[in-house]
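Fold and geometry: a report
Each chain, letter by letter, is given below.
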Amino acid sequence: MKKVPFVTKEKIEEITKTYSTPFHIYDEKGIRENAKAVKEAFAWNKGFKEYFAVKATPNPFLIRILHEYGCGCDCSSLTELMLSNALDINGEDVMFSSNDTPREDYEYAAKIGAIINLDDITHIDFLEEILGKLPEMMSCRYNPGGIFQMSNGIMDNPGDSKYGFTTEQLFEGFRILKEKGVKRFGIHAFLASNTVTNEYYPQLAGQLFELAVKLKEETGISVSFINLSGGVGIPYTPEQEPNDIRVIGDGVRKVYEEILIPAGMGDVAIYTEMGRFMMGPYGALVTQAIHEKHTHKEYIGVDACAVNLMRPAMYGAYHHITVLGKEDHPCDHQYDVTGSLCENNDKFAIDRMLPEIEKGDYLVIHDTGAHGHAMGYNYNGKLRSAELLLKEDGSVQLIRRAETPKDYFATFDCFEVFEEIFQ
Ligand SMILES: *Cc1c(COP(=O)(O)O)cnc(C)c1O
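Each chain carries its own residue numbering, running from 1 in the direction its sequence is written. A pLDDT threshold of at least 70 governs which residues receive local features in this predicted model, and a stricter bar of 80 or more applies before side-chain atom pairs are shown or counted, although totals over entire chains, interfaces and linings include all residues. Excluding hydrogens and water, the side-chain figures rest on all heavy atoms present in the structure.

**Here we look at the site of the ligand**
Throughout, near means a residue has at least one heavy atom within 4 Å of the molecule or strand. The full set close to the ligand counts 14 residues, and Lys-55, Glu-273, Gly-275, Arg-276 and His-371 are the nearest of them. In protein, a polar contact requires one atom able to donate a hydrogen and another able to accept it; more generally it is a pair of N or O atoms within 3.5 Å, and residues adjacent in sequence count only if both atoms are side-chain atoms. One of the side-chain nitrogen or oxygen atoms of Lys-55 is found 2.7 Å away from an oxygen atom of the ligand. In the model, an oxygen atom of the ligand is placed 2.8 Å from a nitrogen or oxygen of the His-371 side chain. For every accessible area listed, the method is Shrake-Rupley and the probe measures 1.4 Å; residues are considered covered only by the protein chains on display. In isolation the ligand exposes 390 Å². Once the protein is present, 91% of that is buried. Its residues placed into classes, the shell around the ligand shows 3 nonpolar, 6 polar and 5 charged. The nonpolar class holds Ala, Val, Leu, Ile, Met, Phe, Trp, Tyr, Cys and Pro. Asp, Glu, Lys and Arg form the charged class, and all remaining residues, Gly among them, are polar.

Below, the structure written as structure tokens:
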């Protein structure tokens with residue numbers, strides 16, 4: 001499918017009069033339409049809730065929009081819990097799916113009444129020691145090991161992943177939790193990442209539903225919810241077909257009716273923890289070409305770098321690029337599009353065919369709405385960019401300012417040589 005940016009050259013020229021590049025910009029209209037579609041796709045399940053994976057886009061303005069559609073927050077750390085709680089999203093609207101969890105994170109999660117999703121059987125004792133008494137509702141993360149494969153060949157490798165309880169541990173864990181007075185239970189699993197197929201959730205659901213039935217037979221525990229977690233993908237490349245959330249929702253319903261209803265478990269709530277699918281396509285990194293370099297290859301140097309978007313450097317991930325105003329020009333130039341880090345992997349594109357780029361052109365790097373700004377860092381003394389919201393009425397709101405040198409030096413406030421900066 002042809003990838004078209006949600007902003008035009010004219011709009012960006014207008015915005016850059018106020019906010020300089022680089023910046024991430026988000027599309028309110030797209031976020032709302034998608035959140036509504038997710039809600040409708042699972043409306044057949046009475047208890048359905050999407051817990052937005054805060055780590056993907058930890059911006060309070062955006063999370064508040066999702067909350068209007070009934071989304072809670074899936075948090076993995078103390079600060080993510082603090083962010084949710086500050087938005088008055090707490091109690092069972094928060095799923096705490098962490099791993100290798102520090103003590104203070106559990107304390108805070110319990111304090112705000114979040115549902116705690118344990119990543120390991122040893123954390124039962126750890127949590128009990130911290131809290132004195134376990135919460136009434138507990139969830140456990142499942143990892144069956146091996147390979148998770150779908151019929152179209154897409155697969156992932158849970159056997160290699162650090163997360164979750166083994167099957168044996170899960171049954172034992174639930175028995176222990178029950179003995180210790182836990183009253184309500186949930187199962188969680190995240191077995192494949194960025195799945196661009198409508199099959200993933202239904203297949204995962206089938207596996208977890210069977211597990212839940214077996215758990216009921218063997219331990220008498222009937223779970224209250226099954227959490228399909230994240231992993232629903234988006235088409236980063238023009239060749240990929242986008243997932244259809246209605247087809248996914250219907251697929252989960254089908255296995256629910258086949259497995260859970262006959263087992264007398266028709267009241268189990270379905271939870272999801274999508275990050276990428278909720279926000280990925282509705283964000284873009286806008287950057288300006290500031291240099292061109294002709295050596296052994298053709299380079300376009302832009303004013304963003306990997307600290308603004310780490311995925312290409314970290315995973316070799318593809319992000320589509322549109323040169324604004326040149327949407328219809330032939331892609332007859334081959335470029336490496338680079339940032340300014342002293343790291344040769346700081347490239348947003350390698351050997352990419354693009355229209356001829358001139359200095360001053362604006363480039364839209366697509367699909368940065370999830371795991372984009374969020375993965376930012378300060379290597380090479382680089383500063384994180386601003387985040388802007390393109391509102392439904394066409395106006396633009398600053399939803400996070402760009403960092404300044406003062407932010408960069410903030411943790412040296414104990415060091416007198418920086419006094420001038422802090423005055
Ligand atoms: C990262 C993560 C998610 C979100 O994953 P996406 O691929 O962005 O949907 C959900 N749950 C947990 C526990 C995660 O770690």
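**Quick notes on unusual backbone geometry**
Backbone torsion omega between Thr-21 and Pro-22 reads -5°, so that peptide bond is classified as cis. Along the chain, Pro-22 falls in the loop between helix H1 (9-15) and strand S1 (23-27). Positive phi is not limited to glycine here, since Asp-351 has a value of about 50°. Secondary structure counts use DSSP, requiring at least four H or I residues in a row for a helix and at least two E residues in a row for a strand, with both numbered from the N terminus. Tracing the chain through its elements places Asp-351 in strand S16 (residues 347-354). Per-residue accessibility, obtained with a 1.4 Å probe over protein chains only, is compared with the maximum for each type, and a residue is labelled buried under 20%, exposed over 50%, and partly exposed between these values. The exposure class of Asp-351 is partly exposed, given its relative accessible area of 39%. Even without being glycine, Asn-380 reaches a positive phi, approximately 65°. Tracing the sequence through the fold places Asn-380 in the loop between strand S17 (362-365) and strand S18 (386-390).

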